[in-house]
Amino acid sequence: MPLMYRRASPVVTTIAATVASMIMGIMLAVLMGLSPASAATSPSPEPSPSGDFTSTFTIGGLIRDGDTPIEGVEVQVEGDGFDEVGVTGEDGRWTVPVPGPGAYTATLLPDTLPEGIVPRDPENITRDVTLGTTNTVNVLFPTGEGTVVENNIADTILTRFIYGLNFGLLLALGAIGISLIYGTTKLNNFAHGEMVTFGAVIFFFFGTVIGLPLYVSIPIALALSAFTGYAQDAWLHKPLRRRGVGLVQAMIVTIGLSILARYVILFFLGGNIYTIDTGLTATIDIGPATITVASLVSMGVSILMLILVGLFLTRTRIGKATRAVSDNASLAAASGINVDRIIRIVWILAATLTGLSGILYGVFRQVNWSMGFQILLLLFAAVTLGGLGSAFGALVGALIIGVVTEVSTVWIPNDLRYAVALIILILVLLVRPQGVLGRKERVG
Amino acid sequence: MADTTAAYATPSPTETREPVLYSTDLVAGYIPGVNILNGCNISAYAGELIGIIGPNGAGKSTFLKAVFGQVKIRSGSIHLKGDDITGLKADKLVSKGVGMVPQNNNVFPTLSIEENLEMGMFQAPKLFSERFEFVTTIFPELAKRRKQRAGSLSGGERQMVAMGRALMMDPSVLLLDEPSAGLSPVRQDETFLRVHQINRAGVSVIMVEQNARRCLQICDRAYVLDQGKDAYTGTGRELLRDPKVTELYLGTLAADVDADTKARADSAAGTTTGTATGTAGVAPV
Ligand SMILES: Nc1ncnc2c1ncn2[C@@H]1O[C@H](COP(=O)(O)OP(=O)(O)OP(=O)(O)O)[C@@H](O)[C@H]1O
Ligand SMILES: [Mg+2]
């Protein structure tokens, strides 16, 4: 069938991959050209090749309580005779320039935290940091409300649960994007993580750096995200399908595109972590749990979008045709459906949803060049957990993953929470190989 | 073979009219250098029910796919109502009035029956209720279970959904690939009756069948396809009576069994005294 990827010679694939990556890279470069890293309002010293050597290696980080940066917290950096204390500024950021590559330790001084705020992981406030090939290393010390003595576990779980729902809902937007693309083209798109990053970075640039209001910066970020979906299909995947390139080869192309896009973003954004300022940092108490207005709005937006996607798929002609193409593309073509057009619509829709997911994720945590890549596996896990190719399954999978990863941090170190998600995935697949909502079609 | 074909170059009653659909010296295939169809000449006149039979792998499905723009045509041509439609894609053909029910995977399993039918008329959504009524007069079962997922239906029920879907766009030619495959004998009869009914409603039908005898019994004209060529053609009755066709493509077992059964029935009823011969089996149908 002309609409399916087919097997092809590796040479063609390699050339196609290179060309495609270059096109995508140039496109990104043009877009990102608006925001070179040096223009960003980051107080941390930028690595500059001609600058003072001693200041080109830095260890730094960001200390926040939920979404609120904390000022005046001290972090001691030691190593090989070097000893200096960094203090967080108004934006919660601290930076310590160090003499050069080597092994250091960074220790959070808990006494300098404000009343009622404690390290979330009091056992682990000293971190080993190794500066090797990168000039800048970020160390995160998660902190949260509470005191070491009276730490109500139930309240903590409730708070984490609500944040988990928020995280799960925003993951769902990206996961449904993956699921729709997989459903209609059977392609696993590894560049999806960068589509998350792209949305967040564009939103950060227009909203925080330039300072446009939300109702301008969000539409811009969504429109540009939608355009990346259009571009990926029109300039890359449709030609590959036309040429009959196989699914595995096409997947490798997306891996190449992912790496390329990630480093293009790194080039323009720099390696720092940025905080998005939405102006919605007020908090609301829900029973014993406290969450920010931004999180509530984020959840509302996610739920609204997910409902709209559900209505699109079940009530509209194009939405039904999308499901028909996912079920059986050649029969869809035989029924008079223009399959290429449906796939184009799906790419644009998926990229928009994923961009929105990135915006919300940037607000939920921070913005950095590899943020999307860090959750790519979670997105795939959500899609697999729910049942491959089922949009509703992706939603359920994402909610499970979001809640599990957030709640697990009550008991286990932060760094391990994504591993928990993958353990859940493996356990579910062992019990239900088709995923939570996946169905085995009857045969015959 | 060419001789036989020539011998059967049937002066059918429809001869003076232009066929709705005809292929001329059609050559097509999947793998470069390997032709599956080697010069196929098949035609269907308005209102005709055409059967295509032949051994497995003869290229019957390939012929339908070639007509429907799903297999690359290497040479030859296909005409629909006088227009050259060679190489047109499926969605264009659907809008020109060709419908197709593939041999396998012919429903959308996660869509409901109603949504399956809706997809059949993706290009003309406004006419849905009108066409739905027509299709459900032929397949009343579909109306009753319109909300059920097609993936949960039995093979026979799926076949109805598939035919219903192809009929939604009101095609002038319907291509059916083995509509009776995998069905119980009673269901097969039912399916053939429905095909007949569709045909009587004015749709020209080209039907590929493995159930050669039943197919030849109901169709107006039929083709025997062998190695990508139309080896024999004639009216259904002519082919049924042709000893060569019987020997090569219909098999003699069924005929013998039929004869045997008939003989027993006859003797049991006491209507005949002598033993029935094989001729009973090939008596005019
Ligand atoms: N997609 C394909 N790619 C390559 N070869 C194919 C493909 N489909 C069919 N063929 C080959 O074309 C030949 C004819 O296949 P086709 O399906 O048309 O046979 P058929 O007459 O419909 O047989 P059956 O009665 O078993 O359905 C076979 O030899 C088959 O191997
Ligand atoms: Mg076949």
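Residues numbered from 1 in each chain as written. Chains lettered and ligands numbered in written order. Predicted model: local features only at pLDDT ≥ 70, side-chain atom pairs only at ≥ 80, totals over all residues.

Quick word on the overall build of chain A
Here's step 1: Within chain A, the secondary structure is distributed over 12 helices and 13 strands.
Here's step 2: Expressed as a percentage of its 444 residues, the buried residues of chain A come to 47%.
Here's step 3: Counted over contacts in chain A with a minimum sequence separation of 6, partners at least 24 positions apart contribute 76%. (Helix = DSSP H or I, 4+ residues; strand = E, 2+ residues; numbered from the N terminus. Buried ≥ 20, exposed ≤ 12 C-beta atoms within 10 Å, placed from the backbone. Contact = placed C-beta atoms within 7 Å.)

Digging into the overall build of chain B
Here's step 1: When its secondary structure is counted, chain B shows 12 helices and 11 strands.
Here's step 2: Residue burial in chain B is summarised as follows: out of 285 residues, 44% are buried.
Here's step 3: Of the contacts made within chain B by residues no fewer than 6 positions apart, 66% connect residues no fewer than 24 positions apart.

Re the site of ligand 1
Here's step 1: The environment of ligand 1 is made up of 13 residues, and the closest members are B:Y30, B:N56, B:K60, B:S61 and B:T62.
Here's step 2: A class-by-class count of the residues in the shell around ligand 1 yields four nonpolar, eight polar and one charged. (Near = placed C-beta within 6 Å. Nonpolar A, V, L, I, M, F, W, Y, C, P; charged D, E, K, R; others polar.)

So, helix 11 (residues 391-408) of chain A
Here's step 1: The end-to-end C-alpha separation of helix 11 of chain A is 26 Å, in line with the 26 Å expected for 18 residues at 1.5 Å each.
Here's step 2: Among the 18 residues that make up helix 11 of chain A, 16 are buried, leaving the element largely enclosed by the rest of the structure. (Expected span 1.5 Å × (residues − 1).)

Concerning the pairing of strand 7 (residues 102-108) of chain A
Here's step 1: Examined bridge by bridge, strand 4 (residues 74-79) of chain A and strand 7 of chain A share four bridges and lie antiparallel to one another. Residue pairing across strands places A:V75 opposite A:L108, the latter belonging to strand 7 of chain A. (Pairing = 2+ DSSP bridges.)

A short note on the domain arrangement of chain A
Residues and elements named next belong to chain A.
Here's step 1: As assigned here, chain A comprises domain 1 (10-33 + 157-431) and domain 2 (53-149).
Here's step 2: Put simply, the middle of domain 1 and the middle of domain 2, counted by C-alpha atoms, are 31 Å apart.
Here's step 3: Across the boundary between the two partners, domain 1 contributes 11 residues, which contact 14 residues of domain 2.
Here's step 4: In terms of residue class, the side of domain 1 that touches domain 2 is built from three nonpolar, eight polar and no charged. (Domains from an automatic or database assignment.)

What to know about the nonpolar core
Here's step 1: A:L171, A:A172, A:A382 and B:M207 are the most contacted members of the largest nonpolar core, which has 197 residues in total.
Here's step 2: With 17 residues, helix 9 (residues 339-364) of chain A is the largest single contributor of residues to this core.
Here's step 3: Residues contacting A:A172, with those up to four places away along its chain left out, are A:S302, A:L306, A:A394, A:L395, A:A398 and A:L399. (Core = buried A, V, L, I, M, F, W, Y, C linked by C-beta atoms within 7 Å.)

Details of the interface of chain A and chain B
Here's step 1: Taken together, the contacts link 19 residues of chain A with 27 residues of chain B.
Here's step 2: For the side of chain A that touches chain B, the secondary-structure elements that each account for two or more residues are helix 7 (317-327) and helix 8 (329-334) of chain A.
Here's step 3: Its residues placed into classes, the side of chain A that touches chain B shows eight nonpolar, five polar and six charged.

Observations regarding the sheet that holds strand 10 (residues 221-226) of chain B
All names here are of chain B.
Here's step 1: Pairing is mixed in the open sheet, where six strands are placed in the order 7-8-9-4-10-11. Lying at the two open borders of the sheet, with one neighbouring strand each, are strand 7 (98-101) and strand 11 (229-235). Strand-to-strand twist in this sheet, taken as the mean axis angle between neighbours without regard to direction, amounts to 15°.
Here's step 2: The sheet contact formed by strand 8 (residues 173-177) and strand 9 (residues 204-208) spans five bridges and is parallel. Across the sheet, residue L174 finds its bridge partner in strand 9, namely V205. (Axes fitted to C-alpha atoms, helices over the stretch in contact; angles between N-to-C directions.)

Quick look at the confidence of the model for chain B
Residues and elements named next belong to chain B.
Here's step 1: On average, residues of chain B score 83 in pLDDT, and 82% of them reach the 70 mark or higher.
Here's step 2: In this model residues 1-11 is a low-confidence stretch, pLDDT under 50, and it forms 14 contacts with partners more than four residues away in sequence or in other chains.
Here's step 3: The low-confidence segment residues 271-285 (pLDDT under 50) makes 23 contacts with residues lying over four places distant or belonging to another chain.
Here's step 4: Prediction confidence for the complex, expressed as pTM and ipTM, is 0.74 and 0.78 respectively. (pLDDT = per-residue confidence, 0-100.)

Comments concerning the pairing of strand 13 (residues 289-292) of chain A
All names here are of chain A.
Here's step 1: Of the strand pairs in this sheet, strand 12 (residues 283-286) and strand 13 are connected by four bridges, and their pairing is antiparallel. Across the sheet, the residue bridging to I284 is I291, located in strand 13.
Here's step 2: Here strand 12 hands over to strand 13 after two residues, with G287 in that stretch at a positive phi of 60°.

Here's the deal with the sheet that holds strand 7 of chain A
Residue and element names in this part refer to chain A.
Here's step 1: Here we have four strands laid out as an open sheet, ordered 5-4-7-9, and antiparallel in their pairing. What marks the edges here is a single partner per strand, and that holds for strand 5 (82-87) and strand 9 (126-131). Across the sheet, the mean angle from the axis of one strand to that of its neighbour is 25°, orientation sign disregarded.
Here's step 2: By the bridge criterion, six bridges tie strand 7 to strand 9 in an arrangement that is antiparallel. Across the sheet, G102 pairs through a bridge with L131, a residue of strand 9.

A few points about helix 11 (residues 243-250) of chain B
Residue and element names in this part refer to chain B.
Here's step 1: For helix 11, every residue scored as buried is listed here: V245, Y249 and L250. Along the axis of helix 11, the buried residues cluster in a sector spanning 70°; they form a single face. Exposed and facing more than 90 degrees away from the buried side of helix 11 are P243, K244 and E247.
Here's step 2: Buried residues in helix 11 make contact with strand 4 (49-53), helix 9 (212-218), strand 10, strand 11 and helix 10 (236-241).
Here's step 3: Downstream of helix 11 by a residue or two, G251 has a phi angle that is positive, lying close to 80°. (Arc of directions from axis to C-beta.)

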